[in-house]
Amino acid sequence: MTRVIVLSDPHLSPTHGFFWPNWQLACDAASRIEAACTIVNGDLCIDGPDSDAEMEFAARALAALPGTVLPLPGNHDIGDEPPGQDPNQIVDEPRLTRWDNAIGADRWRFQLDGWTLLGVNAQLFGSGLARETEQNDWLDAMLTDSKGDRVALVLHKPLFVESPDEALPSPACLCPAPRGELIQRLCKADIRLVVSGHLHAHRDRSIDGLRHLWVPSLAFSGSHGFDGDGRCGFAVLDFDGDHVGVEIVRPEGLVSHDLAAIKQHGRYRFLREIPPSPPRIAA
Ligand SMILES: [Fe+2]
Ligand SMILES: [Fe+2]
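Attention here is on the structure that accompanies the text.

Thresholds, definitions, all that
Residues numbered from 1 in each chain as written. Chains lettered and ligands numbered in written order. Predicted model: local features only at pLDDT ≥ 70, side-chain atom pairs only at ≥ 80, totals over all residues. Heavy atoms only, no water. Helix = DSSP H or I, 4+ residues; strand = E, 2+ residues; numbered from the N terminus. Rg over C-alpha atoms; globule rule 2.2 N^0.38 Å. Buried < 20%, exposed > 50% of the residue type's maximum accessible area, 1.4 Å probe, protein only. Areas by Shrake-Rupley, 256 points an atom, 1.4 Å probe, with all protein chains shown as cover. Lys, Arg positive; Asp, Glu negative; His and termini not counted. Charge placed at Lys NZ, Arg CZ, Asp CG, Glu CD. Donors = N, O, S within 2.8 Å, 3.2 Å for Na, K, Ca; no water. Tetrahedral: all angles 85-135°; square planar, octahedral: opposite > 155°, others 65-115°. Axes fitted to C-alpha atoms, helices over the stretch in contact; angles between N-to-C directions. Parallel < 35°, antiparallel > 145°, perpendicular 65-115°, else oblique. Contact = heavy atoms within 4.5 Å. Nonpolar A, V, L, I, M, F, W, Y, C, P; charged D, E, K, R; others polar.

A tally of helices and strands in the chain yields seven helices and 11 strands. Taken over the C-alpha trace, the chain has a radius of gyration of 18 Å; the compact-globule value for 283 residues is 19 Å, and the two agree within 12%. Taking the principal axes of its C-alpha atoms as reference, the chain extends roughly 50 × 40 × 35 Å. Relative to its full complement of 283 residues, the chain shows a buried share of 56%. Accessible surface, the chain as shown: approximately 11,700 Å² in total, 49% of it carbon and sulfur. The positive charge centre, built from 25 side chains, and the negative charge centre, built from 40, are 2 Å apart in the chain.

Before going further, it helps to spend a moment on the coordination of the iron ion (ligand 1). For the iron ion (ligand 1), every protein donor is listed as Asp9 (OD), His11 (NE2), Asp43 (OD) and His200 (NE2), and the spread of their distances is 2.1 to 2.2 Å. Geometry at the iron ion (ligand 1) is irregular, judged from its four donor atoms and the angles of 87 to 170 degrees they form at the metal. Counting along the primary sequence, the residues that act as donors to the iron ion (ligand 1) give the motif D-x1-H-x31-D-x156-H. Between the iron ion (ligand 1) and the iron ion (ligand 2), a separation of 3.6 Å is found, and both are coordinated by aspartate 43. Here aspartate 43 lies in the loop between β2 (37-41) and α2 (52-63) and aspartate 9 lies in the loop between β1 (2-7) and α1 (20-31), a separation of 34 residues in the sequence. Each of the two residues, aspartate 9 as well as aspartate 43, counts as buried.

Let us now look at the coordination of the iron ion (ligand 2). On the protein side, the iron ion (ligand 2) has Asp43 (OD), Asn75 (OD1), His156 (NE2) and His198 (ND1) as donor atoms, found 2.1 to 2.2 Å from it. Each of the four donor atoms around the iron ion (ligand 2) contributes to a set of angles spanning 90 to 156 degrees, which defines the coordination as irregular. Here the donor residues of the iron ion (ligand 2) are spaced in sequence according to D-x31-N-x80-H-x41-H. On the basis of relative accessible area, asparagine 75 is assigned to the buried category, the value being 4%.

As a further point, take the packing of helix α5 (residues 130-145) against helix α6 (residues 176-186). One way to put it is that α5 packs onto α6 with a least axis distance of 10 Å and a crossing angle of 25 degrees. As the angle between them shows, α5 and α6 are arranged roughly parallel. Contact residues: α5 offers Asn136, Leu139, Asp140 and Leu143, while α6 offers Leu182, Arg185 and Leu186. Counted by class, the contact of α5 with α6 contains four nonpolar, one polar and two charged residues.

The structure is reproduced here in structure tokens:
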């Protein structure tokens, strides 16, 4: 059996510290668990698309995690693929470069006994950027190379919410056209599991023979009305042959923040617009 920790959506910032105590609790709890690696599945930041300081702050926070740490970007790190939920923060080359410089790779492969985990940059699908093509070529090569292994795909956004046939673009998940292409690609290998964050809710459901695991946020509860448990926490995955056990860990003291309350019920549209309240960080 091999254990993997998945943290998601911590939404850290050196100026807006709403969720910093949750991050500390999660780090403490995660560091007591013996795991082969710790994945951090996107939305490390609040205003990563436009702030060097936030990305560097997130990089320092990741450095506190023990062992192998495998981060992936989310829309609050490098911007959304178009059309996006915030037209001022669409993924582009400078935003990718900010991630590269502070965090490092935006895709990775991690091999366990009988499993290949492939982490990809969800924000590239449908972006039209050169790196989207590079990533697709890399993914094809990794899937071909995975022969004999079961494959788990890890990315910030879910492929879809309820059904792979959803026709309308939604900021909740990948857009329909690139989703269809990605599913075609994945079907060439023994794909078993898709692990995502972004919706700030936990759900574990098999749809058309493929298991889709939503990992909850470490910052605030999902408020989108989809199915799923919006309470904050992180996931511990146990890979054991065909079986993948999932435990959601909610350390004592972890707060499932209410985003609407933090934004003062409509007074602020985005967290980054709220007056600064820096995290209290012990020296
Ligand atoms: Fe998020
Ligand atoms: Fe997100």
